[in-house]
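# Coordinates in review
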Amino acid sequence: MYENAIIVGVNLGQIELRVLNEEIDELILLADTAEAKVVDTMIQNKNKIDPSTFVGSGKMKSIINNAEALNCRIVIFNNELTPAQLKNIQKIAGDKIMIIDRTGLILNIFEKHAKTKEAKAQIQLAKLKYLLPRLTRQWTHLERQMGGVGTRGGPGEAQIEIDRRLIRKQITSLNKELKKIQSQRITQHKSRDNIYKVSLAGYTNAGKSSIMKCLSGSKAYIQDQLFSTLDTTTRKIENKNQYKFLLSDTVGFIRKLPHDLVASFRSTLMEIEESDLIIKVLDSSSLNIQMHLGTIEEVFKSLDISSKLELIVFNKIDLLDSHRIDKLKKLYPDAIFISAYRQLKINELIDAIQKKLSTLNIISNINIPYSQFSVIDYIYKNCKILHKKEYDDKVVLKIEASQSVLDKLDSQIK
Ligand SMILES: Nc1nc2c(ncn2[C@@H]2O[C@H](COP(=O)(O)OP(=O)(O)OP(=O)(O)O)[C@@H](O)[C@H]2O)c(=O)[nH]1
Ligand SMILES: [Mg+2]
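Our subject in this report is the structure included herewith. The structure displayed is predicted, hence computed values, not measured ones.

With that settled, consider helix 3 (residues 83-93). Among all positions in helix 3, only Gln-85, Leu-86, Ile-89, Gln-90 and Ala-93 are buried. Angular distribution of buried residues about the axis of helix 3 spans 125°; they occupy a single face of the element. Phi turns positive one or two residues past the end of helix 3, at Gly-94, with a value near 80°.

Among the 23 residues in the neighbourhood of ligand 1, the closest are listed as Lys-208, Ser-210, Ser-228, Thr-229 and Asp-318. Within the side chain of Thr-204, a nitrogen or oxygen atom sits 3.0 Å from an oxygen atom of ligand 1. In this structure, an oxygen atom belonging to ligand 1 sits 3.0 Å away from a main-chain N or O atom of Asn-205. When ligand 1 is considered free in solution it has 650 Å² of accessible area, and contact with the protein chains removes 91% of it. Of the residues that constitute the shell around ligand 1, the class distribution is seven nonpolar, twelve polar and four charged.

The next point concerns the pattern of salt bridges. Applying the stated criterion across every chain yields a total of 14 salt bridges. With its nearest N and O atoms 3.4 Å apart, the salt bridge here joins Glu-80 to Arg-134. Separated by 54 residues along the polypeptide, Glu-80 in the loop between strand 3 (74-77) and helix 3 and Arg-134 in the loop between helix 5 (117-131) and helix 6 (137-145) bring together distant segments of the chain. A salt bridge links Asp-377 to Lys-381; its shortest N-O distance comes to 3.5 Å. With a gap of four residues between them, Asp-377 and Lys-381 both fall in helix 14 (residues 373-382), about one helical turn apart. One network of salt bridges, in which partners are shared, links Arg-18, Glu-22, Glu-26, Arg-102 and Arg-255.

With that settled, the discussion passes to the environment of Met-98. With respect to the helices and strands, the residue Met-98 is situated in strand 4 (residues 98-101). For the pair Met-98 and Cys-72, spaced 26 residues apart in the sequence, the C-alpha separation amounts to 9.2 Å.

Taken in spatial order, the six strands line up as 6-7-5-8-9-10 in an open sheet, and their pairing is mixed. Unpaired on one side and paired on the other, strand 6 (233-237) and strand 10 (336-337) mark the two borders of the sheet. In the sheet, strand 5 (residues 196-202) pairs with strand 8 (residues 277-283) via five bridges, with the strands oriented parallel. Each residue of the ladder has a partner; that of Ala-201, found in strand 8, is Lys-280. Strand contacts of helix 11 (residues 289-302): strand 5, strand 8 and strand 9 (309-315), with the helix running at about 150° to strand 8, the strand carrying the most contacts. In the packing of helix 13 (residues 346-358) onto the sheet, contacts are made with strand 5, strand 7 (245-249), strand 8, strand 9 and strand 10, and the angle to strand 9 comes to roughly 170°.

About the thresholds
- Residues numbered from 1 in each chain as written.
- Chains lettered and ligands numbered in written order.
- Predicted model: local features only at pLDDT ≥ 70, side-chain atom pairs only at ≥ 80, totals over all residues.
- Heavy atoms only, no water.
- Buried < 20%, exposed > 50% of the residue type's maximum accessible area, 1.4 Å probe, protein only.
- Helix = DSSP H or I, 4+ residues; strand = E, 2+ residues; numbered from the N terminus.
- Arc of directions from axis to C-beta.
- Near = heavy atom within 4 Å.
- Polar contact = N/O pair within 3.5 Å; in protein donor to acceptor, adjacent residues only side chain to side chain.
- Areas by Shrake-Rupley, 256 points an atom, 1.4 Å probe, with all protein chains shown as cover.
- Nonpolar A, V, L, I, M, F, W, Y, C, P; charged D, E, K, R; others polar.
- Salt bridge = Lys/Arg side-chain N within 4 Å of Asp/Glu carboxyl O.
- Pairing = 2+ DSSP bridges.
- Contact = heavy atoms within 4.5 Å.
- Axes fitted to C-alpha atoms, helices over the stretch in contact; angles between N-to-C directions.

No statement about biological role is implied by the geometric values presented.
Now the structure itself:
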């Protein structure tokens, strides 16, 4: 069921009005994904932030009056509120209206969309870390109403202290649980070491899952909403006469992504860290391409991902006229332009991936005695054979393969 909501944005004059409007548009989309219908947007022009109530208590009261008049139960702030601000504003709003900031909203969506045990644990951890300093009577109460973390709210500071202790305990146990899941992940990774790994990364809603579906033919969860995908899925892509590789679809990024969320999703994003090639997927119909690229870079930086082989892919070209496509092509001469939805130029994408992967390969000559059937078999399955010469007792092959396959061969040939 949708709840009515009001958005509050603050214009400090530091950022362009255009950027602020984009942020608000994005917040409306986020609200929609969280099943809140934005009925009014209130932009406040301010010279400086009020440390205790962000917009000033008089202004805050009029915002709440407006919310009540419009039958809203939620007031969403575009900016991140400090725990103290949230507490004070919530006090003004009373029990019937919930105050939430951008970070809280994103956490809410993630919580709704998490499917696997790992994603659920990751989001729960981020949420508890966010909640801990913000735990007030109102919050505990509202959290319960919103089907939140299950803390037992009650009157008085003593109860809040008990809740805090409970949350700290939950954080410790979630950290342990995640470590366990992570170590299983590492074992899985090891067993897949001799195949190239490619990952799809990009802003939320750019079409990553649609590309995954296109290339792998598998089902993928595709929705016109933010953060449809939270769990990394990996599929093996195999075509005749082409390098096979593992393709991973990952969680989308967004500007001002909560720091704890990135940290919590670190193990899920390990697919990106460990891939040989990163495909940066961009929505070519967006007016914010630069910002989307900037956000990808920011997240990569926070994950310490640098100097990887990469390919920029502009998706949704079906929504552009040829003039705009030409303009983008001039700006990004090495990029590939496709439409996953309409299946346009998918072959160009496949060729580009193959070309990139080929740069990672090494050409070498090897001698294999016929007695070592299993090695020959392995080579045929994992390498490209460039030349073959047979002798009485051995075969000499010129092969093209990845470093990890060559290492494996080295250890097998006696
Ligand atoms: N017009 C058009 N729409 C597309 C194209 N590719 C994807 N879409 C639509 O864009 C929306 C988002 O697609 P997804 O594949 O779910 O995007 P995503 O990057 O996986 O999004 P998240 O998982 O939410 O981060 C869906 O409504 C798709 O149908 C395309 O080439 N053209
Ligand atoms: Mg997706």
